[in-house]
Amino acid sequence: MSTPILRTKDLSKAFGHKTSLFSRSHSFFASRSIDLDLAARERLGIVGESGSGKSTLGRLLLGLTPPTSGEIWFEGINHKDRTARDWLQFRIQTSLVQQNPLSALNPQMTVGKQVSEALLVHRIANRADAYKRVGAMFERVGLSATMMDRYPHQMSGGQRQRVVIARALILNPKLVVFDEAVSALDVSVQAQVVALLRELWQELNLAYVFITHDLRIVRHLVDRIAVMYLGRVVETGDIRSVYHWPRHPYTRALLASVPTMNPAVRNIVPPIKGELDVTKALHGCPFRSRCPFAIERCSSETPHLRPVGGQQVSCHRAEEFPQSITSPVAELREEIV
Amino acid sequence: MEDAHRFREEDMPRLLTVQDLVVEMPGRNIKILNGVSFSLDTGQTLGLVGESGCGKSMTCYAIGNMLPHGLAQTGGSVDLSSNATPSKAGKPKISMIFQDPTSSLNPVHTIGYYLESALHRHQGLKGSDARMEAMRLLERVGIDRVKSRLRSYPHQFSGGMNQRVMIAHALAAKPELLIADEPTTALDVTMQAQILHLLEELKAETGMALIIVSHDLGVIARLADEAAVMYCGKIVETAPVEDLLARPAHPYARALIDCMPSIDASDLEPPVPIPGSVPLLDCLPHGCYFHPRCSRASSQCTAQFPSSAIVGPAHQAACYHPVAA
Amino acid sequence: MGAFILSRLFRALVVLVSTVTVVFIVLRISGDAAQQMLPDTASPEALTAFRAKWGLDRSIFEQYLIYVSNALQGDFGTSYADGREVFVIVSERIPKTLLLTVSAFILSIALGIPAGILAAVRRESPVDKGVMAGAVLGYSVPNFLLGLVFVFVFAVWLRILPSSGSSTWSHMILPVATFALFNAAGIARFMRSTLIDVLGQPYISAARADGIPNWEIILFHALPNAAIPMITTLGFTAGGLLGGAVLIEPVFAWPGLGSGFVAATSSGDLAVVQAMILLFTAFMVTINLTVDVLYAVLNPKIRMQ
């Protein structure tokens with residue numbers, strides 16, 4: 001891999017959490033000490049439950065929200081050192097695709113106009129030229145150029161998502177953040193968008209960050225994955241390596257929660273109980289309150305990312321878990337305690 | 001359809017029989033449901049699967065007699081008959097839970113009011129009896145500190161907790177049939193696993209029948225005994241769920257299976273998309289509605305919609321060229 | 001909740017003080033009261049004497065301090081026009097205006113809310129269409145014009161109601177009706193659209209699925225939710241009542257704050273104008289405060305914070 005186009009160091013974002021008018025607001029971390037590298041043309045997946053901080057991280061990377069501490073470099077320039085001109089350049093080279101294509105599009109403007117807007121605003125093309133380029137981009141994302149004159153409500157959900165993707169790609173960005181870009185779509189349309197993104201990546205000089213809670217989809221779209229829990233990356237590595245042998249109990253639980261297409265697999269006790277609570281700031285491992293394998297050490301000592309197998313894992317007991325994620329938790333617990 | 005159910009004693013009436021159900025937009029010639037038929041026994045689980053707009057949810061609304069404004073049932077019948085409790089007067093009770101639990105709960109009412117009023121309506125419980133039962137139900141669906149929860153409002157709960165509240169509320173009616181319309185689609189995968197397990201447990205405990213609607217075949221595989229695949233307001237295939245997944249007959253069912261991504265480490269192929277998109281209901285193609293998207297389509301398919309035919313034990317499909325097993 | 005009300009009270013006070021200040025400054029620098037009150041032929045000596053008498057020759061800052069300290073003691077000065085105490089002039093008009101606006105407000109709620117509910121529940125039926133046609137008509141005719149039409153029809157033509165004055169209860173009918181019809185139309189329209197919106201929410205379908213009877217759904221499930229945005233609209237309506245009074249009272253020669261304000265403004269009676277603006281502001285601030293509190297009471301999302 002060449003020098004990274006995107007790099008973060010010790011990136012954190014804290015939010016105030018107000019409980020009542022008079023009590024002091026205490027903050028929680030939506031991102032905490034994130035170190036991340038993204039090479040040109042690399043595809044990184046970020047997964048976790050809602051509240052894990054994955055969307056905040058996406059917004060931080062694009063400079064849409066300022067970090068509380070830490071640094072971000074894009075193509076060697078620190079976000080902090082960017083001039084207004086640099087920011088403009090950065091905006092041209094990056095883009096964001098969000099979950100709901102209907103609310104991401106202006107209902108009172110034709111989709112063609114919305115896609116061409118960026119070209120005109122940045123004076124990259126004149127009107128006639130922009131029209132041609134948008135037409136070509138429409139064809140490229142699997143829409144017909146004749147659809148440019150339609151309004152968003154005249155299109156299906158899948159077509160709208162293609163429009164949103166066309167808008168994100170029209171300036172030839174080097175980095176795109178997809179935030180739950182396929183989660184609201186039907187499985188059949190999801191599969192279409194997955195195929196489209198795979199093709200586009202082959203053809204374009206594009207690196208992307210794909211943020212999702214869907215562990216089935218992300219696998220087919222990225223080279224590397226980072227699993228987040230309460231603002232921290234708990235496991236990261238090559239996608240094949242992580243899916244082949246997940247080492248963090250949270251990653252294992254996420255994967256074991258995915259329903260399989262095998263009707264023989266039934267009555268599975270949920271791999272983890274409860275849900276993520278951002279208001280609970282814990283010393284030690286952030287996952288320990290829900291972890292069936294937590295020991296004394298997990299509350300006294302915060303685990304940090306360290307190499308285990310082919311990936312980086314922040315768990316004191318990472319080496320102890322077997323390859324199979326389907327071994328019942330109770331059994332496993334006895335084995336390794 | 002009759003053969004579709006394996007474990008049925010001949011003389012027992014079915015819990016639910018849906019016959020040639022048609023739901024239309026009056027005034028416009030748009031059939032949302034176009035001759036849907038199936039039946040369900042006590043304790044059995046039917047999975048309805050298909051893309052958005054195929055009529056899965058509308059089938060549920062028609063059964064629950066809650067079609068939205070502007071739609072009407074114009075043909076066919078929905079019959080409910082109780083065999084578990086023949087002495088009880090009235091029809092067996094149906095409860096429903098929905099995709100978006102938080103917006104399905106009234107924001108101005110407390111969880112306690114919501115459950116206690118349902119208990120009063122369905123079981124005649126009042127005052128502290130209703131409160132005790134509400135607390136028991138909340139505990140049963142996996143909510144802790146139930147006493148204080150009764151005074152909470154839906155916006156103070158997460159989506160997963162609200163879905164549990166919806167399920168507790170559904171149980172308050174002591175239903176013989178629970179209809180779950182995409183109950184886990186809006187939830188995180190960990191919460192989905194918890195809710196699916198809860199439904200599995202409750203089914204075993206109460207013996208109620210379940211209709212589960214999902215576009216996710218993984219959810220259907222987990223809960224359903226029988227599965228029905230819907231397309232453009234028609235059921236195109238019904239089969240025991242393991243048969244459907246192993247040996248789908250209709251090319252649409254095959255395509256739905258192929259476009260499901262998996263986490264199986266050995267399956268590295270990306271999901272195969274179904275070409276094209278679901279046609280709009282006011283411009284359905286002639287013949288089989290699926291033929292424009294189907295690689296097996298022939299001239300026969302463009303002429304007339306195929307009738308349902310038996311393709312295996314308890315397995316039917318409406319296709320001229322079923323996929324070979 | 002207590003803290004919430006306290007913070008809103010503080011905010012109300014800030015609004016009140018700033019309004020008094022701004023109005024005071026604007027009125028002092030916008031024109032010379034002496035020239036307005038005295039005839040054009042008045043001698044410079046007469047003008048100077050007038051200014052000295054009412055303290056208009058002092059610096060604006062001094063005038064402001066005197067005004068505020070007097071106002072805090074309930075002394076709003078004396079009218080330049082007839083030399084009576086402003087406090088007396090204004091307070092004798094308050095009950096007249098309250099009688100008019102409060103009855104109009106109650107009547108517009110009593111008409112508008114049920115009409116809106118009926119239209120929403122019987123959506124797209126002839127009832128709905130009738131109610132909405134009436135509402136559009138009522139809303140699009142300016143209320144002073146409606147007042148004039150009423151005067152012409154009932155007082156001049158049919159001669160069954162008095163056209164002006166306030167001595168008997170029958171004098172109230174025309175101004176109250178004028179006022180209420182206009183507001184009821186707005187309330188009905190908003191009630192209808194809000195309720196239709198609420199009736200389309202998933203929790204209403206969920207309640208239907210649970211077999212709850214329709215009237216119970218509307219009463220206990222839909223209306224409490226529709227009430228939340230409705231409160232804001234009713235607040236606007238109540239706030240508009242005083243503005244409306246300024247337009248309508250002169251039409252019916254109703255001796256309230258509205259006609260008093262018009263008279264004082266045209267004669268340049270600064271002390272009266274100022275006291276009335278202060279009163280109007282206090283009224284608006286009170287309404288806003290009430291709306292905020294009611295909003296929080298009805299909406300658990302705010303109440304529980």
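Residues numbered from 1 in each chain as written. Chains lettered and ligands numbered in written order. Predicted model: local features only at pLDDT ≥ 70, side-chain atom pairs only at ≥ 80, totals over all residues. Heavy atoms only, no water.

1. Comments concerning the overall build of chain C
Within chain C, the regular secondary structure consists of 13 helices and 0 strands. Of the regular secondary structure in chain C, the N- to C-terminal order runs α-α-α-α-α-α-α-α-α-α-α-α-α. Restricting the contact set of chain C to residue pairs at least 6 apart, pairs at least 24 apart contribute 72%. When the 18 positive and 17 negative side-chain charges of chain C are each reduced to one mean point, those points stand 10 Å apart. (Helix = DSSP H or I, 4+ residues; strand = E, 2+ residues; numbered from the N terminus. Contact = heavy atoms within 4.5 Å. Lys, Arg positive; Asp, Glu negative; His and termini not counted. Charge placed at Lys NZ, Arg CZ, Asp CG, Glu CD.)

2. Let's talk about the overall build of chain A
Check the secondary structure of chain A and you find 12 helices and 12 strands. Against the 2.2 N^0.38 benchmark of 20 Å for 337 residues, chain A shows a C-alpha radius of gyration of 21 Å, consistent with a compact globule. Considering only C-alpha atoms, chain A reaches an extent of 70 × 50 × 50 Å along its principal axes. Out of the 337 residues in chain A, the part that is buried amounts to 51%. For chain A, the share of sequence-separated contacts (at least 6 apart) that also reach a separation of at least 24 residues comes to 64%. For chain A, the computed accessible surface area is about 15,400 Å², with 51% contributed by carbon and sulfur atoms. Positive and negative charge centroids in chain A, built from 42 and 31 side chains respectively, lie 5 Å apart. (Rg over C-alpha atoms; globule rule 2.2 N^0.38 Å. Buried < 20%, exposed > 50% of the residue type's maximum accessible area, 1.4 Å probe, protein only. Areas by Shrake-Rupley, 256 points an atom, 1.4 Å probe, with all protein chains shown as cover.)

3. With respect to the packing of helix 5 (residues 86-121) of chain C against helix 6 (residues 126-140) of chain C
In a pair of packed helices, the angle between the axes and the distance between the axes together describe the arrangement. Residue and element names in this part refer to chain C. Relative orientation of the contacting elements helix 5 and helix 6 amounts to 140°, with a least axis distance of 8 Å. Regarding the angle of helix 5 to helix 6, the classification is oblique. In this structure, the crossing between helix 5 and helix 6 has a hand that is left-handed. For the pair formed by helix 5 and helix 6, the contact residues are Ala115, Leu118 and Ala119 on the first element and Val127, Asp128, Val131 and Met132 on the second. (Axes fitted to C-alpha atoms, helices over the stretch in contact; angles between N-to-C directions. Parallel < 35°, antiparallel > 145°, perpendicular 65-115°, else oblique. Left-handed = near helix turned anticlockwise from the far one by under 90°.)

4. Describing the sheet that holds strand 8 (residues 207-212) of chain A
Residue and element names in this part refer to chain A. Sheet architecture is open: 8 strands sit in the order 6-7-8-3-9-10-12-11, paired in mixed fashion. With partners counted over all chains shown, the strands left at the sheet margins are strand 6 (94-97) and strand 11 (306-308), one partner each. With direction set aside, neighbouring strand axes in the sheet form an average angle of 20°. Here strand 10 (residues 232-238) runs beside strand 12 (residues 311-313); their pairing, made up of 2 bridges, is antiparallel. Of the residues in strand 12, the one forming a bridge with Glu235 is Val313. Sitting on the sheet, helix 6 (residues 157-169) touches strand 6 and strand 7 (175-179), and the angle it makes with strand 6 is about 170°. (Pairing = 2+ DSSP bridges.)

5. Remarks on the nonpolar core
In this structure, B:Leu16, B:Phe38, B:Ile63, B:Leu138, B:Ile167, B:Leu177 and B:Ile211 are the most contacted members of the largest nonpolar core, which totals 103 residues. If you tally residues by element for this core, the top one is helix 5 (residues 159-172) of chain B, at 8 residues. In contact with B:Leu16, other than residues within four places in its own chain, are B:Phe38, B:Ser39, B:Leu40, B:Ile63, B:Val78, B:Asp79, B:Leu80, B:Leu177 and B:Ile211. Counting residues in hydrophobic clusters, the runner-up holds 72 residues, among them A:Ile170, A:Leu197, A:Ile239 and A:Phe293. (Core = buried A, V, L, I, M, F, W, Y, C linked by side-chain atoms within 4.5 Å.)

6. Notes on the packing of helix 5 of chain C against helix 12 (residues 270-298) of chain C
All names here are of chain C. As a packed pair, helix 5 and helix 12 sit with axes 10 Å apart at the nearest point and diverge in direction by 50°. Here helix 12 runs oblique to helix 5, going by the angle between their axes. By crossing handedness, the relation of helix 5 to helix 12 is classed as right-handed. Counting all contacts with helix 5, which are made through Val86, Ile89, Val90, Arg93 and Ile94, the residues of helix 12 involved are Ala271, Val272, Ala275, Met276 and Leu279.

7. Quick look at the interface of chain A and chain B
Residue-level contacts link 40 residues of chain A with 46 residues of chain B. Across the chain A/chain B interface, buried area totals approximately 3,600 Å², and carbon plus sulfur atoms make up 59% of it. The largest contributions to the chain A side of the interface with chain B come from A:Val187, A:Arg216 and A:Met261, which together make up 18% of the buried area. Where chain A touches chain B, the interface holds 2 salt bridges. Residue B:Asp225 pairs with A:Arg266 through a salt bridge whose shortest N-O separation is 3.7 Å. Where chain A meets chain B, there are 14 residue pairs in polar contact (both at pLDDT 80 or more). Looking at the side of chain A that touches chain B, the elements with two or more residues in it are helix 7 (187-203), helix 8 (215-218) and helix 10 (249-257) of chain A. When grouped by side-chain class, the residues that make up the side of chain A that touches chain B number 20 nonpolar, 11 polar and 9 charged. (Buried area = accessible area lost by both parts, 1.4 Å probe. Salt bridge = Lys/Arg side-chain N within 4 Å of Asp/Glu carboxyl O. Polar contact = N/O pair within 3.5 Å; in protein donor to acceptor, adjacent residues only side chain to side chain. Nonpolar A, V, L, I, M, F, W, Y, C, P; charged D, E, K, R; others polar.)

8. Comments concerning the pattern of salt bridges
Residues and elements named next belong to chain A. Per the stated rule, a full pass over the model turns up 28 salt bridges over all chains. In this structure, Asp223 engages Arg43 in a salt bridge whose closest nitrogen and oxygen atoms are separated by 2.9 Å. Of this pair, Asp223 sits in the loop between helix 8 and strand 9 (224-229) while Arg43 sits in strand 3 (residues 43-47), and the two are 180 residues apart along the sequence. Look at Asp223 and you get partly exposed, because its relative accessible area is 24%. Overall, the relative accessible area of 11% leaves Arg43 in the buried class. Across the pair Arg297 and Glu301 runs a salt bridge, and its minimum N-O distance is 3.1 Å. Residue Arg297 is classed as partly exposed on the basis of its relative accessible area, which comes to 38%. Relative accessible area serves as the criterion here: at 37%, Glu301 is assigned to the partly exposed category. Salt bridges sharing common partners tie together Arg140, Glu199 and Glu203.

9. Observations concerning the environment of C:Ala245
Residue and element names in this part refer to chain C. With respect to the helices and strands, the residue Ala245 is situated in helix 10 (residues 214-252). Its relative accessible area of 1% is what places Ala245 among the buried residues. Each C-alpha atom, one on Ala245 and one on Arg123, is 34 Å from the other, the two residues being 122 residues apart in sequence. When sequence neighbours within four positions are dropped, the list of residues in contact with Ala245 reads Thr97, Thr101, Phe179, Pro250 and Gly258.

10. Topic: the confidence of the model for chain C
For chain C, per-residue confidence averages 86 on the pLDDT scale, and 100% of positions sit at 70 or higher. Two numbers describe this predicted complex: its pTM, 0.86, and its ipTM, 0.88. (pLDDT = per-residue confidence, 0-100.)

11. Observations regarding the sheet that holds strand 2 (residues 30-40) of chain B
Residues and elements named next belong to chain B. Taken together, the 3 strands give an open sheet; going across it, the order is 2-1-4, and neighbouring strands pair in antiparallel fashion. Of all the strands in the sheet, the pair left with one neighbour each is strand 2 and strand 4 (72-80). When the angles between neighbouring strand axes are averaged without regard to direction, this sheet yields 10°. Note that strand 1 (residues 16-25) and strand 2 share 8 bridges and pair antiparallel. Paired with Leu16 across the two strands is Leu40, which belongs to strand 2.

12. Details of the environment of B:Leu202
Residue and element names in this part refer to chain B. Here Leu202 is to be found in helix 6 (residues 189-206). With relative accessibility at 1%, the residue Leu202 sits in the buried group. Put simply, Leu202 and Gln19 are 183 residues apart on the chain and 28 Å apart in space, counted from C-alpha to C-alpha. Discounting residues that sit within four places of it in the chain, Leu202 has contacts with Arg140, Ile167, Leu171, Gly207 and Met208.

13. Things to note about helix 4 (residues 60-72) of chain C
All names here are of chain C. Given a rise of 1.5 Å per residue, 13 residues ought to cover 18 Å, and the 18 Å separating the end C-alpha atoms of helix 4 matches this to within 8%. Within helix 4, burial applies to Gln63, Tyr64, Tyr67 and Ala71. For helix 4, the angular spread of the buried residues around the axis is 100°, confining them to a single face. Counted as exposed and oriented over 90 degrees from the buried face of helix 4: Phe61 and Leu72. At its buried positions, helix 4 is contacted by helix 1 (2-30) and helix 12. (Expected span 1.5 Å × (residues − 1). Arc of directions from axis to C-beta.)

14. Considering the environment of A:Glu42
Residues and elements named next belong to chain A. The topology assignment puts Glu42 in the loop between strand 2 (26-39) and strand 3. Residues Glu42 and Ile5, spaced 37 residues apart in sequence, show a C-alpha to C-alpha distance of 9.3 Å. A distance of 2.9 Å separates a polar atom in the side chain of Glu42 from the backbone nitrogen of Ala39.

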